[in-house]
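Residue strings, one per chain:
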Amino acid sequence: MPAEPLASILVLAVGLVFGSFLNVCIHRLPLGQSVVAPGSRCPRCGAPVRAWHNVPVVSWILLRARCAACREPISWRYPAVEALTGVSLLFLWWAYGAGSGFAIASLFALAMIVLFFTDFDHQLLPDLVTLPGFLVGIAVAWFNPFLGDPGWDRIVRSVAGAALGSGLLWGIGALYSRLRGVEAMGFGDVKMMAMVGAFTGPSGVAVTLFAASVVGAAAGLALVAAKGKSLQATLPFGCFLAPAAMAALLWGRRAVEGYLGLLHLGR
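Structural notes, computed from the coordinates. (Residues numbered from 1 in each chain as written. Predicted model: local features only at pLDDT ≥ 70, side-chain atom pairs only at ≥ 80, totals over all residues. Heavy atoms only, no water.)

## Structural notes on helix H4 (residues 100–122)
Selection criterion: A run of H or I in DSSP counts as a helix once it spans at least four residues, and a run of E counts as a strand once it spans at least two, with each numbered from the N terminus. One fewer than the residue count of a helix, multiplied by 1.5 Å, yields its expected span.
Taking 1.5 Å as the rise per residue, H4 with 23 residues should run 33 Å; its terminal C-alpha atoms sit 33 Å apart, in good agreement. A positive phi of about 50 degrees marks Gln123, the residue just after H4.

## Comments concerning helix H3 (residues 77–96)
The condition that has to hold: Exposed residues in this analysis have more than 50% of their type's maximum accessible area, buried residues have under 20%, and partly exposed residues fall in between, with area computed by a 1.4 Å probe over protein chains only.
Between its terminal C-alpha atoms H3 stretches 28 Å, which fits the 28 Å expected from 20 residues at 1.5 Å a residue. When we look at burial in H3, the residues that qualify are Arg77, Pro79, Val81, Glu82, Thr85, Gly86, Ser88, Leu89, Leu90, Leu92 and Trp93. Count one or two residues on from H3 and you reach Gly97, which has phi positive near 65 degrees.

## Examining the layout of surface pockets
Our working rule: The method works on a 1 Å grid over the protein atoms by themselves. A cavity is a set of points holding a 1.4 Å probe that cannot get out, a pocket is an open set with protein on both sides within 12 Å along at least five of seven lines, and residues with an atom within 4 Å of a point line them. Grid points are joined across faces, edges and corners, and a volume is the space filled by probe spheres set on the points. Following the grouping adopted for this structure description, the nonpolar residues are Ala, Val, Leu, Ile, Met, Phe, Trp, Tyr, Cys and Pro, the charged ones are Asp, Glu, Lys and Arg, and the polar ones are all others, Gly among them.
Here the second largest pocket is characterised by a volume of approximately 730 Å³. In this structure, the second largest pocket is lined by 33 residues; those nearest its centre are Arg41, Cys42, Pro43, Val49 and Tyr78. Residues of the lining of the second largest pocket, tallied by class, amount to 19 nonpolar, 9 polar and 5 charged.

## Some words on the packing of H3 against H4
The test is simple: In this description, a line fitted to the C-alpha atoms serves as the axis of each element, helices being fitted only across the stretch in contact, and the angle between N-to-C directions of two axes falls anywhere from 0 to 180 degrees. Our angle categories are set so that under 35 degrees counts as roughly parallel, over 145 as roughly antiparallel, 65 to 115 as roughly perpendicular, and the remainder as oblique. Put simply, a crossing is left-handed when the front helix is turned counterclockwise from the back one by less than a right angle, and right-handed when it is turned clockwise. We call two residues contacting when some pair of their heavy atoms lies within 4.5 Å.
H4 packs onto H3 with a crossing angle of 155 degrees between their chain directions and a minimal axis gap of 9 Å. By the angle between their directions, the pair H3 and H4 is classed as roughly antiparallel. Considering only the axes of H3 and H4, their crossing is right-handed. Across from Arg77, Val81, Leu84, Thr85, Ser88, Leu89, Leu92, Trp93 and Tyr96 in H3, the residues of H4 making contact are Gly101, Phe102, Ala105, Ser106, Ala109, Leu110, Ile113, Phe117, Phe120 and Asp121. In terms of residue class, the contact of H3 with H4 is made up of 13 nonpolar, 4 polar and 2 charged.

## Re the packing of H4 against helix H5 (residues 127–139)
H5 packs onto H4 with a crossing angle of 160 degrees between their chain directions and a minimal axis gap of 11 Å. Taken together, the axis directions place H4 and H5 in an arrangement best described as roughly antiparallel. Here H4 and H5 pass one another in a crossing that is left-handed. Across the interface between the two elements, Leu107, Ala111, Val114 and Leu115 of H4 pack against Val129, Thr130 and Val136 of H5. Taken together, the residues that form the contact of H4 with H5 break down as 6 nonpolar, 1 polar and no charged.

## A short note on the pattern of salt bridges
Short version of the rule: Any Lys or Arg side-chain nitrogen located within 4 Å of an Asp or Glu carboxyl oxygen qualifies as a salt bridge.
Going through the model one piece at a time under the given rule, you end up with 4 salt bridges. Among the salt bridges present, the one from Arg77 reaches Asp121, with a minimum N-O distance of 2.6 Å. Placement of Arg77 in helix H3 and of Asp121 in helix H4 is noted, with a sequence separation of 44 residues between them. When the shortest N-O distance is used, the salt bridge between Asp127 and Lys191 registers 2.7 Å. On the criterion of sequence distance, the pair formed by Asp127 in helix H5 and Lys191 in helix H7 (residues 187–227) is long-range, its members being 64 residues apart.

Laid out in structure tokens, this is it:
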């Protein structure tokens, strides 16, 4: 086979394996458990998962979505996370090829997938993802093509993005809490936006917050109308920040530059 199809297959396979690990992170991090030891085990009966029962997606299909030991059902979400991770890395490989763009975008995507599902399940954005993610974002800023042209400006944009993302979200939350007397959001969102800003810069922060707010408000109003819930009982904000941040990393800077260009032409 040509080298490119082989490379794509390898990236997809590696992505599926990473997806299996992300399932472990999503399940264990909110519980304060190690993601390294013990090995994978059934969440219902605690039986260790044998290696041949732990092949991403394939084992779930062959086992007919049941644990090999206790025969209890295995959620469809396990292979869904694996497939999502594999397809995400494959898309990034096709878009950027070998290089820093693919590596940085893949790392960011893995973190966003974990944060989406932990916030969905537990309304929790683990510090073990957001704080190291913030530090990594600053550390790799020099090599990050999503922060603009090479040079020290990338470092400046990374630091400015982290400060803007965390500071803006903290300020909005503090103001809302003071005016309404209830907590608007947890510090997990603030730390997550510090990480997002470190990877995407100020323009990425603006796109992330705008897109997450618009989509989150629309989804919240739809749930209120459909199920009679209050806005505070709808999906946590991290579930909207994560996909918005991924889009902002890939296309945010160009979107902002294009918008500013249109404003300049309109004068």
